[in-house]
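Descriptive structure summary
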Amino acid sequence: MTVGYPILSTLIWLPIIAGVIVLFAGRNNPRLAKWLSLATVIVTFLLSLPLWFAFDRTTAAMQFVEKLDWIPAYNIQYFLGVDGLSMPLVLLTTFTQVLVIASAWEVIKERVEQYMGAFLIMQGLMTGVFVALDAVLFYVFWEALLIPMFIVIGKWGGPRRVYATIKFFLYTFFGSVFMLVSFLYMYYQSGSFSILDFHTLPLGMTAQILIFLAFLIAFAVKIPMFPVHTWLPDAHVEAPTAGSVVLAAIMLKMGGYGFVRFSLPITPDASMQLDWLVIVLSLIAIVYIGFVALVQHDMKKLVAYSSISHMGFVTLGMFVLYDILQNTGTLQGAQLGMEGAMVQMISHGFISGAMFLAIGVLYDRLHTREISAYGGVVNVMPWFGFFAVLFAMGNVGLPGTSGFVGEFMVILSSFKANPWYGILAAFTLIIGAAYTLWMVKRVIFGDIRNEAVAKMEDLNKREFAIMTALAVAVIALGVYPYPLMDVMHASVEHLIQQAFTSKL
Amino acid sequence: MSTLHTILTVLLVAPLIGSIIAGLFGRQIGRKGAHSVTIAAVALSTVLAAWVFALFVIQGHEPYNASLYTWMISDGIKFEIGYLIDSLSATMMLVVTFVSLMVHIYTIGYMDHDADYPPENPYYQRFFSYISLFTFSMLSLVMANNFLQLFFGWEAVGLVSYLLIGFYMKRESAIQANLKAFLVNRVGDFGFVLGIAIVVMYFGTLDYQTFFNGLDAHKDDVIDFGWGPVSMITAATLLLFVGAMGKSAQMPLHVWLPESMEGPTPISALIHAATMVTAGIFMVARLSPAYELSEVALSVVLLVGAITAFMMGLLGIVQNDIKRVVAYSTLSQLGYMTAALGVSAYAAGMFHVITHAFFKALLFLAAGSVIIAMHHDQDIRNMGGLKKYMPITYWTMLIGSLALIGFPGFSGFFSKDSIIMATEASEQFGAGFAHLLLVAGVFVTAFYTFRMFFLVFHAPESEYVRTHDIHESPKVVTVPLILLSIPAVLVGWPMIGPILSGSYFADSIFVLPEHDVLREIYEHHFHGALNMVIHGLFTLPVWLSFAGVALAWYMYIKNPALPARVQQACPVCYRILENGYGFDRFNEIVFVNGSRKLGEFFWKVIDQTIIDGWMVNGTANLVAVAARNWRQLQTGYLYHYAFVMIFGTLILLLWALW
């Protein structure tokens, strides 16, 4: 599949190069920095659209492949490509980035060029993570990403930003070291760093289990799963709005992506053996974290915990397939769970991004995220109230919003694996509604609580446009998820086949 | 695409378009524009629904089952949006659109002035947008041909209900009530979703027809929740019924409905009396082929319904807010409908849904008319003697009240009597007990209904009434009242025969021959509607309702000192009723506070102390302490380092050679 230009390389390097240019050219000229950045993300988004339109929906093979030798001595390649699992995530990245750059427009006042530059470079690196098919290349993107994020939180963050950044950095770094060791081991076994070669590499049970655990640590930290989740609320609270959006909408997805790109296909036998571990941790995330979210006083923390809870559906949906086979004797339902998990990731990208942007809108006006500082916001900001309730309903998983699709699919399929999985997962219907709508009640509804709230102004045009874009995405995916599913079918079927192909 | 398909789509989508226009462009088109466009859209739907009704119910067209679009496909399962139109859905569509149209018109008068909002606020347009959106949602629920769309409509009506209960969003009580309504409904949905999950697991489909076709093959299947196998059909139907209990406010999930009265009165009529709350009844009737296969599920449905009918009726006696009286009567009537389902008299349950939709909407709107006249005071003790000031409201409310208590000849008589007869004839486990509760409930219903009626219209005029200018409501209010009283009186006459014989819903409701109590009544006791009315005059339920009215008259008109004496005689009884049997307190203590405490514990103890405090920061501290000590190793002498390097290399070499 070709589109006339090396599309994946363009999506990686265009923002990175533009980011570097912004860093230098934008010094002392914030206006230029902003416009250049906006132009870059818009052009990148437009250039990413052929991925969707020219995508071959009938095959699970990698598409838009680019392959060059990079370090021939170690057989390391510059190897890029997408399939139905990664392509939607790339589009999610390019789409979200447009909103991210727009969201910082008037808000960031100091060192604008560095801020914008950091986000542009991050965009290239995130895209790289989703499209790299060489393990070393993947690892480089994966780790390099920590640096701009570290800088964004550390520089433009809140009062406890140092603690948060170090926690964030150490957690994720700790997680990925084991992944690197696994890559090296597999390189010595196969003589290649190609992830596709890893997929077909025979591995003994002990090796698989160790590799599976190494991957689990890396991805569980990233997504994040209980009990390695505590860095996320801290990072979110300290991060500036755009940082939170990128973190929640895109970076968490890298963990989920890791499970489907590495864990399941590379270590299928270990996955079958240890699926219970992932399932138990997922269910803890859904139920336990739901209760934790309920008692938060800080809006960002609440949404951060809600993210962890929603990510529980992703990991649950990905790992119920073995129990489905065991419980029902057929594979009917495995695809439902896997696709549900993938949709949940995309949907969560929209909804959590929207929630953090909405909190950002409030924060820009009142400079606090305490729930108790607000009350009756809808009286002075009716349009904001409209969007906030819409996104809250998405977070609650109301049918007609994107939040429903993945949750529903995962509940249906996990019930097949074991009724109790379904029962615990469905508990989110109650607890998710409780923590989300209780916050809505205290922040949005009610009488105007204080002078400060009374002076708040409704959304300006820029904010309105951002909210509208996300609202359209949330509703479109909720009302008509067919096209997104259609893109994934072939790859998901292939993945399930891989997950059941023993490597012993 | 066939004409019918197009008509159905127009019928369904018209209110949605009206809602979007009024909601998003309310400021631009103004009040008049908003109510014109939404009323035109709903009127169009009503006309088309009447056409569909004529086609399917009167002419007996074959059921129409077709897909509108494929929502998604996954795992070979088609998730679709589509229509299943038969006598059941066609009837509901007409009821929904007609009541909705009446409420739309009425709203022009009711929402004209509002104390909560300044006139320049587009609250008026927003209200019209919401009720049109509700109409769309409810239509998509009843027209669905599959569980997915049913759930879509189910949740969408819940959302609009949430928005409308909290319509006066400055009031703490309103936004508390809507949160509660949403959460309690979500408890029901929890069961509902799991019920759907069982259907998908065993039948591999969400489509009703495919599900029904598969019932025979799967009727002996079992499911294991870990404590041994249970009947799959029983588990599925009971879980689905949990959803119905939430939406149709059956005990113990009834707690949200009384508080939903925080919303403006038109929506209490439309959503919380006539249509949305009957969705649970509709769903069970729709799934009658499945419920027929589980005696356990039917008995549970029966008992839940009968207990709700009686116990909620009792609470109606002690209410002083006019809307709350009507709300508790709705709870009680929903119990009657549910009980009917439990004895396989689905048709009678649906019949009561229909008659109730008319007379209860009428009662609520009439109550709203009284509230307008009283300048939004809703306490019936402050009223009295309103009869002479508002004759149209008086007469229409009398019609509604008579229909509610089952006065012979009024619509409610036919439907309620069929339910009571059905429980009498049924051999379902618990039917005798249920019958007792329902018959006793008739007396209670008559008593609280006419207690309210007498206090409002016949009691001596209160201070407030004497000193204020009380007058009849405008035409936009009274015309809907008059239009609603027509079916509230008449609709029972033509329907009762076909309902009992089973011919009315023959194409949509399935009853096993050995369960078919309505047919039995039809064959052995039914000799025409008129005969039923005359015969009714000599039966216990009708006499009990007369007695209830008489007692209300005695206690509140003839001897008004009596109620206080009764209250003093048994203060405990009164307290129990006033606190609604303590459900709210229990929920508050156990669920609300319990969840918060649990959340605090998880957060403070596990997340912050154990994970962060001991494990994460503990590790960091350990490193710091270790570093302080190991620092001593860095002596700065080159030969120390060289020694360590050589030693290390040696170990590595040894390990590699091993």
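Residues numbered from 1 in each chain as written. Chains lettered and ligands numbered in written order. Predicted model: local features only at pLDDT ≥ 70, side-chain atom pairs only at ≥ 80, totals over all residues. Heavy atoms only, no water.

- Per an unreviewed UniProt entry, the recorded name for chain B is NADH dehydrogenase subunit L, and the organism is Sulfurivirga caldicuralii.

- If you look chain A up in an unreviewed UniProt entry, it shows as NADH-quinone oxidoreductase subunit M from Sulfurivirga caldicuralii.
- As its UniProt record puts it under Sequence similarities (unreviewed entry), chain A is described as follows: "Belongs to the complex I subunit 4 family." (UniProt positions renumbered as here; feature names shortened; annotations may be inferred.)

**A few points about the state of the cysteines**
Residues and elements named next belong to chain B.
- Throughout the structure, instances matching the rule amount to one disulfide over all chains.
- Covalent S-S linkage joins Cys570 and Cys573, the inter-sulfur distance amounting to 1.7 Å. Around the S-S axis, the bridge from Cys570 to Cys573 shows a dihedral of about 65° and counts as right-handed. (Disulfide = S-S within 2.5 Å.)

**Comments concerning the UniProt feature "domain: NADH:quinone oxidoreductase/Mrp antiporter transmembrane" (unreviewed entry) in chain A**
- As recorded in UniProt, the sites labelled "domain: NADH:quinone oxidoreductase/Mrp antiporter transmembrane" (unreviewed entry) are residues 133-429 of chain A.
- Annotated as residues 133-429 of chain A, this span is 82% helix and 0% strand, and its ends, taken at the C-alpha atoms, are 38 Å apart. (Helix = DSSP H or I, 4+ residues; strand = E, 2+ residues; numbered from the N terminus.)

**Observations concerning the UniProt feature "domain: NADH:quinone oxidoreductase/Mrp antiporter transmembrane" (unreviewed entry) in chain B**
- When the UniProt feature table is mapped to this numbering, "domain: NADH:quinone oxidoreductase/Mrp antiporter transmembrane" (unreviewed entry) covers residues 144-427 of chain B.
- The span residues 144-427 of chain B carries 73% helix and 2% strand; its end-to-end C-alpha distance comes to 33 Å.

**Re the interface of chain A and chain B**
- The partner chain B presents 55 residues to the 69 residues of chain A that form the contact.
- Here chain A and chain B share an interface that buries about 5500 Å² over both sides, 74% of which is from carbon and sulfur atoms.
- Three residues stand out in chain A for area buried against chain B, namely Phe415, Leu429 and Lys441 of chain A, and they jointly supply 11% of the buried area on that side.
- Between the two partners, chain A and chain B, sit one salt bridge.
- Residue Lys441 of chain A is joined to Glu172 of chain B by a salt bridge in which the shortest nitrogen-to-oxygen separation is 3.0 Å.
- Along the contact surface separating chain A from chain B lie 19 residue pairs in polar contact (both at pLDDT 80 or more).
- Class assignment of the residues belonging to the side of chain A that touches chain B gives a composition of 46 nonpolar, 16 polar and seven charged. (Contact = heavy atoms within 4.5 Å. Buried area = accessible area lost by both parts, 1.4 Å probe. Salt bridge = Lys/Arg side-chain N within 4 Å of Asp/Glu carboxyl O. Polar contact = N/O pair within 3.5 Å; in protein donor to acceptor, adjacent residues only side chain to side chain. Nonpolar A, V, L, I, M, F, W, Y, C, P; charged D, E, K, R; others polar.)

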